[in-house]
Amino acid sequence: MNRQAQLTAENNRLEEMLNEASKSELLPPNAKPNHCYARVVVPAEYATETETVLVAEESERVTVVPAQYETVTEEVLVEEAYEELKVIPATYKTVTEEVLVSEASTELKTIPAEYRTVTEEIMVSPAYTTWEKGRGAIERIDEATGEIMCLVEVPAEYKTVTRQELVSPERTVEVEVPAEYKTVTRRVIDQPARTETVTVPAVYETVEVVREVRKPQVQKTTIPAEYAEVTKQRLVTDADMEWREILCETNTTEDVVRRLQVALEQKGYDPVWIDGVYGDRTRNAVIQYQQDNGLPYGQLTMGTLQHMGVEL
């Protein structure tokens, strides 16, 4: 359906609502001489509400600071002191042994946290009911008979929100690191000399050894929960029909209508012609302006002229 057809249908619906409302209240209250009045549709009012929903729960991040080591030098005995004879030399044998280079230690291994995705629905707008035109076996004969109204239930509107939920927190596991050894070969006396004894000093070797200065440390950081703002509309007052002062042939001029058409065109609502005639095209543009700005609509009210800045 194009825009022109929508406006025509809206105008027809407004005329039907005005005809129906006029049956219960024939004349406007507190009317003034030389003023025109009409029943117009006062649109429903809604309030925008913001709700805070949980997206991700508070969690904890575990960081492992590794152990700190330093390298030192030590003298390791390679060959023991021994005695030898000048006449009968001593005999020797080779001995192999393992020397500790790095002591056994432990280190911490981090197992990351596990999460699962949780999806839930939240209500954006509640369910409500509204009246719509219906048809049946009996059709309208005149303005007083045959009209059918149906009460239609409009379901509530929901929005799906996805968030992360902690299943198991991050944790650490202690792992054993074995000691490290170095194989050293040295000579020892197998049989000493049998004559003059000569003392041979011991032989040492300088090696580098890695030692743990500070053990691994665990640092825990709290990650705050995450929230999201969800906006929804709440009905404050329903739409209604009220008497309002309007601009009609009795209290208007072509100049006023022409200035109205110029104001509509400046605000982006095409009245088609700037001719001072309040025709269907101008009337449709006025209704569209009223609906877009939340004004009572159906007729050209004085409030609409004031909102557009058109003076009489």
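Reading the values: the criteria
- Residues numbered from 1 in each chain as written.
- Predicted model: local features only at pLDDT ≥ 70, side-chain atom pairs only at ≥ 80, totals over all residues.
- Heavy atoms only, no water.
- Helix = DSSP H or I, 4+ residues; strand = E, 2+ residues; numbered from the N terminus.
- Buried < 20%, exposed > 50% of the residue type's maximum accessible area, 1.4 Å probe, protein only.
- Contact = heavy atoms within 4.5 Å.
- Areas by Shrake-Rupley, 256 points an atom, 1.4 Å probe, with all protein chains shown as cover.
- Polar contact = N/O pair within 3.5 Å; in protein donor to acceptor, adjacent residues only side chain to side chain.
- Salt bridge = Lys/Arg side-chain N within 4 Å of Asp/Glu carboxyl O.
- Disulfide = S-S within 2.5 Å.
- Axes fitted to C-alpha atoms, helices over the stretch in contact; angles between N-to-C directions.
- Parallel < 35°, antiparallel > 145°, perpendicular 65-115°, else oblique.
- Left-handed = near helix turned anticlockwise from the far one by under 90°.
- Nonpolar A, V, L, I, M, F, W, Y, C, P; charged D, E, K, R; others polar.
- Core = buried A, V, L, I, M, F, W, Y, C linked by side-chain atoms within 4.5 Å.

1. Let's talk about the overall build of the protein
- Of regular secondary structure, the protein possesses 4 helices and 18 strands.
- Sorting the 312 residues of the protein into buried and exposed places 27% on the buried side.
- Sequence separation of 24 or more characterises 81% of the internal contacts of the protein that already satisfy a separation of 6 or more.
- Looking at the protein as shown, the accessible area adds up to about 20900 Å², and 49% of this sits on carbon and sulfur atoms.

2. Things to note about the side chain of Thr304
- You can see Thr304 is positioned in helix H4 (residues 302-308).
- Given the relative accessible area of 1%, Thr304 is considered buried.
- Within polar-contact distance, the side chain of Thr304 engages the side chain of Thr301 at 2.8 Å.

3. Remarks on the pattern of salt bridges
- The tally for this structure, following the rule as stated, stands at 7 salt bridges.
- The salt bridge involving Glu254 is made with Arg258; its shortest N-O contact spans 4.0 Å. Taken together, the residues span about one helical turn, with Glu254 and Arg258 both in helix H2 (residues 254-266) at a distance of 4 residues.
- For Glu254, a relative accessible area of 52% translates into the label exposed.

4. Re the state of the cysteines
- Per the counting criterion, the structure on display carries 1 disulfide.
- The residue that forms a disulfide with Cys36 is Cys248, at a sulfur-sulfur distance of 1.9 Å. One end of the pair, Cys36, is in strand S1 (residues 36-42); the other, Cys248, is in the loop between strand S18 (240-246) and H2, with 212 residues separating them in the sequence.
- Residue classification places Cys36 among the buried positions, given a relative accessible area of 12%.
- Judged by its relative accessible area of 19%, Cys248 is buried.

5. Description of unusual backbone geometry
- Unlike most non-glycine residues, Val272 shows phi in positive territory, near 75°.
- Positionally, Val272 belongs in the loop between H2 and helix H3 (280-292).

6. Let's talk about the environment of Val272
- Exposure remark for Val272: the relative accessible area of 34% places this residue in the partly exposed category.
- It is 9.1 Å that separates the C-alpha atoms of Val272 and Ala285, two residues lying 13 residues apart in sequence.

7. Comments concerning the packing of H2 against H3
- For the pair H2 and H3, interaxial distance at closest approach is 11 Å and the crossing angle is 55°. In terms of orientation, H2 and H3 fall into the oblique class. The hand of the H2/H3 crossing is left-handed. Here Leu260, Gln261 and Leu264 of H2 come into contact with H3, specifically with Thr282, Ala285, Val286 and Tyr289.
- Partitioning the contact of H2 with H3 into residue classes produces 5 nonpolar, 2 polar and no charged.

8. Notes on the nonpolar core
- One finds Leu247, Leu260, Leu264, Tyr289, Leu300, Leu305 and Met308 to be the most contacted residues of the largest nonpolar core, which totals 15 residues.
- Those elements that provide at least two residues to this core are H2, H3 and H4.
- Per-element tally for this core: the top contributor is H2, with 4 residues.
- Beyond its immediate sequence surroundings of up to four residues, Leu305 is in contact with Leu247, Leu260, Leu300, Val310 and Leu312.
- Counting residues in each nonpolar core, the second largest holds 6 residues, with Val76, Val99, Val184 and Val207 among its members.

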